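Spelled out from the first residue to the last, the chains are:
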Amino acid sequence: MLDFIYYPVSFILWCWHKVFGFVFGESTAVAWILGIIFLTFTVRGIMFKPFVNQVRSMKKMQDFAPEMKKIQKKYANDRQRQAQEMQKLQREHGVNPLGSCLPMLLQIPVFIGLNHVLRAFTMPPPGGGPKTENYFFSQHDVESYVNAKLFGVNLGEAVYNGVGVVSGGATNVGFHWSVLPVALPLMIVASIATHLTARHSVARQNAASATPQTAIMNKLTMYIFPLGVLVFGALFPLGLLFYWLANNGWTLMQQRLVYTKIDKEEAARKAEAAEKRASLGPKPGQKPTAPKVGQKPVQQKKNQPEQTGTSKKVTKAGSAHGFAQTAPAGGTDKTTAGTNGQNGSKDDGTGVPGLLKDSTRKSGRKRR
């Protein structure tokens, strides 16, 4: 039914087993364990690009989380309109909501396929007799897997067999306590790795975009899921526990590398933006630049006299308000001098124009 999953998974495992079997021997547990681990690395390497897109998509969604909250508050009573506005906002920011789920969705078929392939090594054929093949594996490969034991335990055995979905229809139903000493350390380490992976991912979330639903999901991923690995790991064969451990180890390493790279890109982008703003503004102590070509000149205010050179104020004699006249400092204003001459005013040597000597005033009174 799911042969389109089982065959690709078995082919990748077959390739890596041949590589490490050439070094350590095909019937050794080390060759099979390394084959399972590098099968995990191969699948995760294929999904590396979708994972990076997932991280960038989540970062963008955290950036415009306040806008999403406004839409939720505005259309709280209209779910259809709220969904439409959310989709519109996501399109404007170039965010695909399915992009964050793609890596996880791709891992589920691999997990199911690897579980079935490893279980199928020990499952007898429907017609009875020895097992001659297991998808891409020949009878010789099947025998090498069955004979490969880790501390006396076959890699296809689990602590408990009996759940059809997980066991794949194994015949030896029941508890196998001899598997527990080998499986329990793997279950504990896989549970801790699951918690650390979820904790590192939650630490990257923006506190401003947190919602009650987000808080519930964070608790599930950090505590409930690792506990589930510890409990339900008893249903998985040893080979699948190695897959789970390798998968979480890859995820933790990948998160650190990708998050560090994205943080550096964001810091460089902020520094570039700050440098651009600083280059546009005037530097400290910089003189104003000349007007550009085509720029309109600044017009002076009306009724404002232009002053050129050095000028001094001269108070006109006989003025009760002391009106001032501006005259050049280097000479005598001809207009003023002519006016004074017509009115019979002279400079009496005191430096104040327009004042007559006392004798002239007296003689003038006598003539009248």
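Model, not experiment: these values are computed from the prediction.

What counts as what
- Residues numbered from 1 in each chain as written.
- Predicted model: local features only at pLDDT ≥ 70, side-chain atom pairs only at ≥ 80, totals over all residues.
- Heavy atoms only, no water.
- Phe/Tyr/Trp six-rings, centres within 6.5 Å; stacked < 30°, edge-to-face > 60°.
- Helix = DSSP H or I, 4+ residues; strand = E, 2+ residues; numbered from the N terminus.
- Buried < 20%, exposed > 50% of the residue type's maximum accessible area, 1.4 Å probe, protein only.
- Core = buried A, V, L, I, M, F, W, Y, C linked by side-chain atoms within 4.5 Å.
- Contact = heavy atoms within 4.5 Å.
- pLDDT = per-residue confidence, 0-100.

Participant: When you look at the packing of aromatic side chains in this model, what are you seeing that I'm missing?
Facilitator: Remark: the centre distance and the inter-plane angle together describe each pair of aromatic rings, the angle taken between the planes. On inspection of all chains with the given rule, the structure shows 18 aromatic pairs. With a centroid separation of 5.5 Å and an interplanar angle of 55°, the aromatic rings of Tyr6 and Tyr135 are classed as tilted. Taken together, the positions of Tyr6 in helix H1 (residues 3-24) and Tyr135 in the loop between helix H6 (102-120) and helix H7 (139-147) put the pair 129 residues apart, joining distant regions of the chain. When its relative accessible area of 10% is taken as the criterion, Tyr6 is described as buried.

Participant: Sorry, what's going on with the nonpolar core here?
Facilitator: One broad rule of soluble globular proteins: the nonpolar side chains tend to lie buried together. The biggest cluster of nonpolar side chains holds 39 residues, and the ones touching the most others in it are Leu13, Trp32, Leu114, Phe121 and Leu238. Of all elements in the fold, only H1, helix H2 (29-46), H6, H7, helix H9 (180-202) and helix H11 (238-280) reach the threshold of two or more residues within this core. No other element matches the seven residues that H2 contributes to this core. Beyond its immediate sequence surroundings of up to four residues, Leu13 is in contact with Trp32, Gly35, Ile36, Leu39, Leu114, Leu118 and Phe137. Counting six residues, the second largest nonpolar core, distinct from the first, contains Phe51, Val52, Val55 and Ile262.

Participant: Just to check I follow, could you spell out the confidence of the model for the chain for this structure?
Facilitator: Low-pLDDT stretches of the model should not have their predicted coordinates read in fine detail. Overall, the prediction assigns the chain a mean pLDDT of 74, with 67% of residues at 70 or greater. Within the chain, the lowest mean pLDDT, 43, falls on helix H12 (residues 334-342), and the highest, 92, falls on H2. Long-range and interchain partners of residues 307-352, a stretch whose pLDDT sits below 50, account for 31 contacts in this model, where long-range means more than four residues apart. Across residues 354-368, confidence stays below pLDDT 50; counting only partners more than four residues off in sequence or on other chains, it has 10 contacts.

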